[in-house]
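Observations on the three-dimensional arrangement
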Amino acid sequence: MLKKSLPKFLSLLLLFQLSAPVTRARAAEDAPGAWTPELMMKVKTVGAVRVSPDGRRVAYAVTAPVMTPDRSEMVAQIWLANADGSDAAQVTFADKSSTNPQWSRDGRWLAFTSTRAAGKSNLYVMRVGGGEAEQITDVKTGVQNFAWSPDGRSFAFTMIDAPNEDEEKLNKGKDDWRFVDEDVKMSRLYVVALQKDAAGKREPRRLTKENYSISDFDWSPDGASIVFAHVKTPKADYWTTSDISVVTVADGVLKVLASTPAAEAQPRYSPDGKWIAFAMSDNPPRWAQSGLINVMAASGGATRPLAASHDAQPGIVGWSADGKRIYFVEARGTGTRLYAVELTANRISEINIKDEVLTGVDLNATRTVIGFTMQSPDSPPEAFVSPVDRFAPAQVSRANADLPKAPLGKTEVVRWKSADGREIEGLLTYPVGYTAGRRVPLILNVHGGPAGVFQQTFIGTRGAYPLAAFASRGYAILRPNPRGSSGYGVEFRRANVKDWGGADYQDLMTGVDHVVGMGVADPDRLGVMGWSYGGFMTSWIVTQTKRFKAASAGAPVTNLMSFTGTADIPGFIPDYFGGQPWEALDLYKAHSAMFNVKGVSTPTMIQHGDADERVPISQGYEFYNALKAQGVPTRMLVLPRQPHGPNEPKMLLKVMQSNLEWFDKWIGGAGATAGGTR
């Protein structure tokens with residue numbers, strides 16, 4: 001999410017060296033059959049893959065952009081299919097999104113949330129055999145997550161506090177001032193019945209009134225209690241305050257189960273209801289996270305930490321049906337692993353052993369089958385199912401079967417030694433039709449985080465950086481996982497503490513050197529791009545070297561001091577750098593692009609959402625104005641209404657198009673044909 005820097009001042013003598021755009025081999029138009037940003041927008045995403053209790057049916061959500069003269073939004077619809085992929089059919093058709101399908105325990109009903117009514121997320125149910133969906137809730141602020149009760153007679157759900165009557169009047173009269181961090185709206189836990197009462201209504205009943213915000217919950221198998229994780233406020237910086245409590249559904253009596261200086265989250269009941277598994281962070285919690293699965297009695301008491309996982313960031317999937325194992329997922333290198341930890345032996349085993357990229361892994365009610373989305377560099381995301389104890393993925397959805405068969409650039413895992421000898425791994429995507437020995441323009445793509453990770457995802461998926469389109473235009477793209485990334489263990493993830501822009505910068509530069517040494521990259525046509533921490537690193541890189549002829553920085557952190565004072569995560573940089581700006585002033589300055597910007601000459605584009613609370617747009621403006629003042633070729637694309645990442649399809653398409661145009665202008669792809677590089 002942020003970045004790094006080392007003090008190094010660049011000479012003004014080369015200020016205008018790169019002021020003229022590259023004219024060779026620029027692709028003015030894409031050849032028929034080539035990947036383009038417009039084609040990439042047609043790739044559907046598949047998620048919320050939920051398997052019925054008997055394992056025979058699968059519900060999932062398919063999301064696609066809707067772009068008309070008066071609309072620009074992502075719309076999800078729910079589909080149903082047999083577990084072998086047959087008889088797939090769309091079952092929701094509202095103009096607005098329907099998502100998060102969940103099966104009743106008897107498999108006869110499907111519940112989901114939809115924004116079809118007044119744009120508010122509400123809870124609906126429909127018979128699996130067909131018929132109209134019935135609205136269950138009618139709330140002002142919107143249902144967040146929900147879950148069926150074990151007996152299928154009610155639902156638990158979370159919802160942010162609605163404005164009270166006085167607040168609504170003040171809002172309407174534009175007398176809606178506020179004090180920061182006061183009167184914060186919390187996420188509360190509610191229950192609502194499936195059937196209407198004698199008055200023909202369904203009135204939600206609030207279970208939590210305490211001054212904290214619910215982040216996750218799980219029903220006890222007997223339906224008598226709900227265990228939940230809660231934080232002091234819903235603001236992003238407060239994940240470190242997460243504790244676990246339990247509430248009795250009948251009377252709302254609360255009991256705290258886990259409350260330590262560590263962060264406790266992801267509570268899950270065992271099948272017999274006697275135990276609760278949960279994830280516990282280091283004490284104190286760190287933004288470069290590390291944690292263990294723990295188990296405690298459902299009544300509370302001492303906790304038992306289980307074996308440490310490879311990456312120490314376990315995402316709990318659930319318990320095995322016999323209560324002897326706990327399944328979890330986490331990143332491992334450029335893939336995803338599904339693991340099982342055996343409670344008696346306290347031993348971890350791998351369920352899958354390859355580098356599949358799995359997301360949204362969900363265990364069905366009988367704890368026998370998992371549903372998930374799976375993808376690879378040349379296969380778009382689709383819904384799959386597998387027995388939970390034996391990985392045998394079977395494809396269910398074919399949401400992207402109608403995509404044109406445009407050729408894709410080959411992607412492979414590459415490894416190299418950094419300046420200090422540490423091995424670094426990354427993904428190299430070649431131009432379409434690449435011929436060995438041909439040097440091509442290379443774009444270095446830096447991920448966010450910094451604890452993000454590049455995995456072997458489909459390169460045609462829409463995103464700020466249109467990888468498939470770049471490959472069709474004749475570019476190679478290197479996506480490294482430098483120190484600080486997830487997927488390689490705690491020590492690796494924390495190897496950039498107090499050193500953003502130091503050794504991680506060397507990891508990136510040696511990666512570029514490696515691709516040049518392979519005979520792939522043209523050292524005179526190098527570009528760099530990245531979003532968030534990737535934007536930090538992009539802005540940092542152009543202050544450190546002139547080897548890159550073009551750069552694109554998305555939502556970049558450019559000034560660690562002003563970022564800390566304006567972002568919604570003010571504790572983030574102090575955790576990485578060991579103190580507040582006034583306590584580590586020299587360190588903050590040494591690692592900020594803004595304090596090293598003198599002499600930059602690389603043509604640099606900045607892209608930023610004007611509603612970004614994570615990295616406020618002022619970060620982009622600071623760097624843009626510094627470049628402009630020095631006569632550096634620069635543009636700044638402002639995205640109205642967009643948060644930290646563009647979520648409206650028209651805005652996302654513009655980001656993709658402008659990135660392609662920017663690099664074509666300055667380093668020029670080799671052009672594209674339907675069959676490959678020309």
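To keep things clear, this report deals only with the structure shown in the data block.

Rules of the game
- Residues numbered from 1 in each chain as written.
- Predicted model: local features only at pLDDT ≥ 70, side-chain atom pairs only at ≥ 80, totals over all residues.
- Heavy atoms only, no water.
- Helix = DSSP H or I, 4+ residues; strand = E, 2+ residues; numbered from the N terminus.
- Rg over C-alpha atoms; globule rule 2.2 N^0.38 Å.
- Buried < 20%, exposed > 50% of the residue type's maximum accessible area, 1.4 Å probe, protein only.
- Contact = heavy atoms within 4.5 Å.
- Pairing = 2+ DSSP bridges.
- Salt bridge = Lys/Arg side-chain N within 4 Å of Asp/Glu carboxyl O.

1. Some remarks on the overall build of the protein
Assigned secondary structure in the protein consists of 11 helices and 36 strands. Compactness check: the protein gives a C-alpha radius of gyration of 26 Å against a globular reference of 26 Å for 678 residues, within 12% of the reference. A principal-axis box enclosing the C-alpha atoms of the protein has dimensions of 80 × 60 × 55 Å. When the 678 residues of the protein are sorted by exposure, 57% land in the buried category. In the protein, the proportion of contacts linking residues at least 24 apart, taken out of those at least 6 apart, comes to 59%.

2. Points about the side chain of H230
Structurally, H230 can be placed in strand β14 (residues 225–231). Among all residues touching H230, those that are not within four sequence positions of it are Y212, S213, I214, S215, T241, S242, D243, I244 and S245.

3. Structural notes on the sheet that holds strand β5 (residues 98–103)
Note on sheets: strands pair through backbone hydrogen bonds, and any given pair is parallel or antiparallel. On the basis of which strands lie adjacent, the open sheet formed by four strands has the order β5-β6-β7-β8 and antiparallel pairing. Edge positions in the sheet fall to β5 and β8 (134–135), since each of these pairs with one other strand and no more. The pairing of β5 with strand β6 (residues 109–117) spans four bridges and is classified as antiparallel. Bridging across to β6, W103 finds its partner in L110.

4. Some points on the environment of F663
As for its position among the elements, F663 is in helix α11 (residues 649–666). On the basis of relative accessible area, F663 is assigned to the buried category, the value being 0%. On a C-alpha basis, the gap between F663 and G527 in space is 7.2 Å, while along the polypeptide they are 136 residues apart. Setting aside anything within four residues of it in sequence, one finds F663 in contact with I443, F470, Y475, G527, V528, M529, A550, A551, S552 and G668.

5. Concerning the pattern of salt bridges
Summed over all chains, the structure comprises 31 salt bridges. We note a salt bridge from R268 to D216, for which the minimum N-O separation is 3.0 Å. Here R268, found in strand β17 (residues 264–269), pairs with D216, found in strand β13 (residues 213–219); they are 52 residues apart in sequence, far enough to count as distant. Side by side, R268 and D216 carry an identical accessibility label, which is buried.

6. Remarks on the sheet that holds strand β25 (residues 357–363)
Taken in spatial order, the four strands line up as β25-β26-β27-β28 in an open sheet, and their pairing is antiparallel. Two strands close off the open sheet at either side, each with one partner strand: β25 and β28 (394–395). As defined by bridge partners, strand β26 (residues 369–376) adjoins strand β27 (residues 379–387) across seven bridges and the pair is classed as antiparallel. Paired with F372 across the two strands is F384, which belongs to β27.

7. Description of the environment of P556
The topology assignment puts P556 in the loop between β34 (550–554) and α7 (560–566). The class for P556 is buried, based on a relative accessible area of 0%. Here the alpha-carbon distance between P556 and T344, two residues 212 residues apart in the chain, equals 47 Å.

8. Some words on the pairing of β14
Regular strands place their side chains on alternate faces of the sheet. With seven of seven residues buried, β14 is to be regarded as a mostly interior element. Neither face of β14 is open: one carries S225, V227, A229 and V231, the other I226, F228 and H230, and all of them are buried. By the bridge criterion, six bridges tie β13 to β14 in an arrangement that is antiparallel. Directly across from F217, in β14, lies its bridge partner F228. Hairpin connection, β13 to β14: the antiparallel pair is bridged by five residues, and G223 has positive phi, about 75 degrees. When β14 meets strand β15 (residues 243–248), the two strands line up antiparallel, connected through six bridges. For V227, the partnering residue across the bridge sits in β15 and is V246.

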